[in-house]
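The primary structure of each chain is shown beneath.
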Amino acid sequence: MPLTGSYGIGQEQLTTMTRDHNFSRLQEYGGVKGLSNLLKTSLEKGINGDDNDMVLRRTAFGANQYPRKKGRSFWVFLWEAWQDLTLIILMIAATVSLVLGIKTEGIKEGWYDGGSIALAVALVIAVTAISDYRQSLQFQNLNEEKRNIHLEVIRGGRRTEVSIFDLVVGDVVPLNIGDQVPADGIFISGHSLSIDESSMTGESKIVHKDHKAPFLMSGCKVADGYGNMLVTGVGINTEWGLLMASISDENGEETPLQVRLNGVATLIGIVGLSVAFLVLLVLIARYFTGHTQNADGTIQYIKGQTSVKATINGVVKIITIAVTIVVVAVPEGLPLAVTLTLAYSMRKMMVDKALVRRLSACETMGSATTICSDKTGTLTLNQMTVVKVYVATTYIESEKVEVVSPVVSSLLVEGIAQNTTGSVFMSEDGKAVEVTGSPTEKAILSWGVKLGMKFDDVRSRSSVLHVFPFNSEKKRGGVALRLEDSVVHIHWKGAAELVLASCKSWLDIDGTPKSLDQDKVDELKKVIEGMAARSLRCIALAYRLYDMDNVPDEEQREQWVLPDDELVFLAIVGLQDPCRPGVQEAVRLCIHAGIKVRMVTGDNIQTAKAIALECGILDSEAAATEPTLIEGRSFRALSEKDREETAEKISVMGRSSPNDKLLLVQALRKKGHVVAVTGDGTNDAPALHEADIGLAMGIQGTEVAKESSDIIILDDNFASVVKVVRWGRSVYANIQKFIQFQLTVNVAALVINVVAAISSGEVPLNAVQLLWVNLIMDTLGALALATEPPTDHLMDRTPVGRREPLVTNIMWRNLLVQAMYQVIVLLILNFGGRSILHLTHESRAHADKVRNTFIFNTFVLCQVFNEFNARKPDEFNVFSGVTRNRLFMGIIGVTVLLQVLIIEFLGKFTSTVKLNWKLWLVSIAIAFFSWPLAVLGKLLPVPKTPLGDFFKKSRCMP
């Protein structure tokens, strides 16, 4: 056998065996035990796991990573930005203008007009490409984070959490229901382990895994049971790795908001195109009828006298103006603004412990009207401890069982140690104890350790015959054990009242079996209710004897349904799981924001009620009546119509199954609610998928739940869910801010140029100036307004309705006030600027240039103050919190600085002249006055304008 480094088997041999599912080859290696020896690993304790060992294994067998398809390069984005038809027309016009200018005026003076347009277009293309490229990189980084699954491995005898990327060949990995198989491997041991291989084979059949069918494929999901696997292939040496390496990371997803905004942009573009065409016709008609004059008063075109070159140059300038109007009118910044705000929000939501898996969820979360939340781990800390124990007829201290007979004590310890998916690691000196497993398992195992349980010793005294893994439908789990004297014990553990219902007898404090009469049942029910009223989770432990002769043969044992009747009651354990700090405030904030919080839990109804009162979901004891407080079985028993009516009244649902949660979500959605649902289990997947927004838990959530979700809450905290709501509303609000800003500029620029063109045959804002305005309006405006962080004010609003238009009446009021002010002031300056600015003594050519420069400067500065006004569409203080947004302040600063440079130093390129300090002050004053005007405008009543119908295609929700 060829050796690979210091290992007894090579990577190619492992890969071939695993891919071909070659069972005979595995047997040649000595089965899984022999294979582990070749890989220098222990099936019980795993690999050593030190740095040197990890390096050797990665060198010999590869790392659990695969080559990614490279994302699109910057040059691709540059090429795409260049594909814009209007920019192509402008470049053609710039080229013609450049050629004609150089021919008529020489290269020294003639290149300014065409060269300026070409440079401005190039700048727009470059800025757009850079912006798109940066967003692409951000989405790539977030995709990488989605793939970074954390899982448990056994190394050096203890369970350790590692990244999936750190997995190596030879690792021993525990698998539980809902987990993703992280690498190719071989089944070591387990019970009822069933794998959903549909992601690899395309068949929806669930495949059972055992020693006869031991091969496990990376990327598949654990459908049922649990077990351990030995990793034999990682990364590119697995089918999953090869598949993933061939898939591009490009995110082609368009969110509903992006789709609607594309429609809005097209609609506005059609209006802009119509206006530009009108301007083109008017200017062409005026030009060829001799109504267009030069700066010195001479007529530009005289039939039979004007040269062909001059005529072509004049027509090109007119076409350039018309095309530039189209550039300004077409709001290509709208889709960019959505991309920017989504990318910004996704990045910041990561900081707030929320990983977005589907972009559309960002915006949909702003519309959520109800949140159906789990209790354990979301509203509570999921840090469970055993605080009360009831055995036989008495409460005992959780650490002391001296009062209990050895018979009862040994049965309790046996059930705790064997009926668990957790484990206890004890150091050789016996001082350090490490307990792993789910929070419930850890709490009960920790209690067992306090009872004096020697975990490994107890497990060695009996062998496991069969396991019934914990099931969220039955809310219990069981194990059948064969003891040394062939006695069979079947231990059950689960929801207290459900286990109690299966009991027929109980053990007295001295271990004497007694019949479970009605009085005893009532006593135990009161114990459960008392614990639940103190917010304790109640778990009952029970067992029964079974005849070995009735146990099925090993071949049929997998189909054996463990008997759960005639149980002997052992104990009720009360686990405390305190409410998370801040959850009460988070619930209060949701209620204030018009979002109904509903608790849906599998726990006892009384426990759920106590926690709901503590969290503020129920405001009083008096409110805790049906249907506000309801059990899952009562809800599922209702007719579909009654469920819809009842669903809206429910605040707490206890003892619910995953299917009850699904029924609740369906009923709420039928009543018009936008539903957000939290879930962590595999069986929560249908509800997560059905909901408008599925929120999976990052810590306790299974991979199946995460795959079905839209957003993963990384810290399992309800307060983080509320932060996601804030971000969802922020996305929507930021888009509205940008739309208000963009439409104001659109209306003002179009009206000014159209009126001026029709009345005088000239436009005050030329092509280069309009391209600069376009850059401010689209890219820089989107950057400034789309990256506004969420504020508390957002939670003062009600959820955004499904049918609420993007352009609200408040926005129409604000933008019309601003646009009218800008249009009136600038048109007055256009027609009376020479006298107003005291330029009557200047030559007409110079006076017109100063006037047009002043109009251009004032218009740009108006947009700077307009950006401040757009920050707070419905608030008077538009400057509040502005200094906290450094990007906004930076963009404002850059815009003003570039405007000064354009006016003072780049006049030849932009057809502007220097302005004296007096004109600068007047220009600033006019622009500044738009701020108090905006504040006064907010005092006006909100118009009931039919203009909102113009944007029917921009409705918030489909």
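Residues numbered from 1 in each chain as written. Predicted model: local features only at pLDDT ≥ 70, side-chain atom pairs only at ≥ 80, totals over all residues. Heavy atoms only, no water.

Some details on the environment of Ala-571
Here is step 1: Mapping Ala-571 onto the fold places it in strand β20 (residues 567–576).
Here is step 2: Assessed through its relative accessible area of 0%, Ala-571 is described here as buried.
Here is step 3: Separated by 178 residues in the primary sequence, Ala-571 and Thr-393 place their C-alpha atoms 9.7 Å from one another.
Here is step 4: Dropping the residues within four chain positions of it, Ala-571 is found in contact with Val-389, Tyr-390, Val-391, Leu-412, Ile-539, Ala-540 and Leu-541. (Helix = DSSP H or I, 4+ residues; strand = E, 2+ residues; numbered from the N terminus. Buried < 20%, exposed > 50% of the residue type's maximum accessible area, 1.4 Å probe, protein only. Contact = heavy atoms within 4.5 Å.)

Concerning unusual backbone geometry
Here is step 1: At the junction of Glu-626 and Pro-627, the peptide bond is cis and its omega measures out at 10 degrees in the coordinates.
Here is step 2: Looking at the element boundaries, Pro-627 is found in the loop between α20 (605–615) and β22 (629–631).
Here is step 3: The phi angle at Ser-192 is positive, at roughly 55 degrees, despite the residue not being glycine.
Here is step 4: Here Ser-192 shows up in strand β4 (residues 184–196).
Here is step 5: When its relative accessible area of 12% is taken as the criterion, Ser-192 is described as buried.
Here is step 6: Despite not being glycine, Ala-392 has its phi angle at roughly 60 degrees, a positive value.
Here is step 7: Checked against the element boundaries, Ala-392 lands in the loop between β10 (385–391) and β11 (394–396).

A few points about the packing of aromatic side chains
Here is step 1: Evaluated as defined, the whole model comprises 16 aromatic pairs.
Here is step 2: Ring geometry for Phe-74 against Tyr-133: centres 5.8 Å apart, planes inclined by 70 degrees, an arrangement best described as edge-to-face. Of the two residues, Phe-74 sits in helix α5 (residues 74–82) while Tyr-133 sits in helix α7 (residues 112–147), which places them 59 residues apart along the sequence.
Here is step 3: On the basis of relative accessibility, which here comes to 26%, the residue Tyr-133 falls in the partly exposed class.
Here is step 4: Here Tyr-287 and Phe-288 contribute two aromatic rings whose centre-to-centre distance is 5.1 Å and whose plane-to-plane angle is 85 degrees, an arrangement assigned as edge-to-face.
Here is step 5: By the ring-pair criterion, three or more aromatic residues cluster together here, those being Phe-865, Phe-868, Phe-879, Phe-888, Phe-928 and Trp-931.
Here is step 6: Its end group placed over the ring of Trp-506, Lys-520 keeps NZ or CZ at 4.0 Å from the ring centre.
Here is step 7: One residue, Arg-871, lies across the ring of Phe-888, its end atom 5.5 Å from the ring centre. (Phe/Tyr/Trp six-rings, centres within 6.5 Å; stacked < 30°, edge-to-face > 60°. Lys NZ or Arg CZ within 6 Å of the ring centre and 35° of its normal.)

Describing the UniProt feature "transmembrane region" (unreviewed entry) in the protein chain
Here is step 1: When the UniProt feature table is mapped onto this chain numbering, "transmembrane region" (unreviewed entry) sits at residues 74–102, 114–133, 264–288, 318–344, 887–907 and 919–940.
Here is step 2: Helix makes up 100% of residues 264–288 and strand 0%, and the two end C-alpha atoms of the span are 36 Å apart.
Here is step 3: Segment residues 919–940 splits into 82% helix and 0% strand. End C-alpha atoms: 32 Å apart. (UniProt positions renumbered as here; feature names shortened; annotations may be inferred.)

So, the nonpolar core
Here is step 1: Ranked by size, the top nonpolar core spans 145 residues in total, and within it Ile-617, Ile-693, Ile-711, Phe-718 and Phe-859 carry the most contacts.
Here is step 2: By residue number, the principal contributor to this core is helix α26 (residues 718–760), which donates 20 residues.
Here is step 3: Setting aside its immediate chain neighbours within four residues, Phe-718 contacts Ile-371, Ser-373, Thr-378, Leu-379, Arg-580, Val-583, Ala-586, Val-587, Cys-590 and Val-597.
Here is step 4: Judged by nonpolar contacts, the second largest core, of 60 residues, contains Val-424, Trp-447, Leu-536 and Ala-542. (Core = buried A, V, L, I, M, F, W, Y, C linked by side-chain atoms within 4.5 Å.)

A short note on the pairing of strand β7 (residues 221–233)
Here is step 1: Counted residue by residue, β7 has 11 buried out of 13 residues, so it is predominantly covered.
Here is step 2: Two elements, strand β3 (residues 172–176) and β7, share 5 bridges in a ladder whose sense is antiparallel. Residue Pro-174 lies in a different strand from β7, and its bridge partner there is Asn-228.
Here is step 3: Alignment of β4 against β7, held across 10 bridges, turns out to be antiparallel. Pairing of Asp-184 across the sheet is with Gly-233, part of β7. (Pairing = 2+ DSSP bridges.)

Concerning the confidence of the model for the protein chain
Here is step 1: Put simply, the protein chain has an average pLDDT of 84, and 91% of its residues get 70 or more.
Here is step 2: Of all helices and strands in the protein chain, the one with the weakest mean pLDDT is helix α6 (residues 85–110) (70), whereas strand β16 (residues 488–495) scores best (95).
Here is step 3: In the model, residues 945–958 has pLDDT below 50 throughout and makes 36 contacts with residues more than four positions away in sequence or in other chains. (pLDDT = per-residue confidence, 0-100.)

Observations concerning the packing of helix α19 (residues 583–592) against α26
How two helices pack is summed up by the angle between their axes together with the distance between the axes.
Here is step 1: For the pair α19 and α26, interaxial distance at closest approach is 8 Å and the crossing angle is 30 degrees. Comparing the axis directions of α19 and α26 gives the class roughly parallel. Classified by chirality, the crossing of α26 by α19 is left-handed. Judged by residue contacts, Val-583, Ala-586, Val-587, Leu-589 and Cys-590 of α19 engage Phe-718, Ala-719 and Val-722 from α26.
Here is step 2: Considered class by class, the residues forming the contact of α19 with α26 number 8 nonpolar, no polar and no charged. (Axes fitted to C-alpha atoms, helices over the stretch in contact; angles between N-to-C directions. Parallel < 35°, antiparallel > 145°, perpendicular 65-115°, else oblique. Left-handed = near helix turned anticlockwise from the far one by under 90°. Nonpolar A, V, L, I, M, F, W, Y, C, P; charged D, E, K, R; others polar.)

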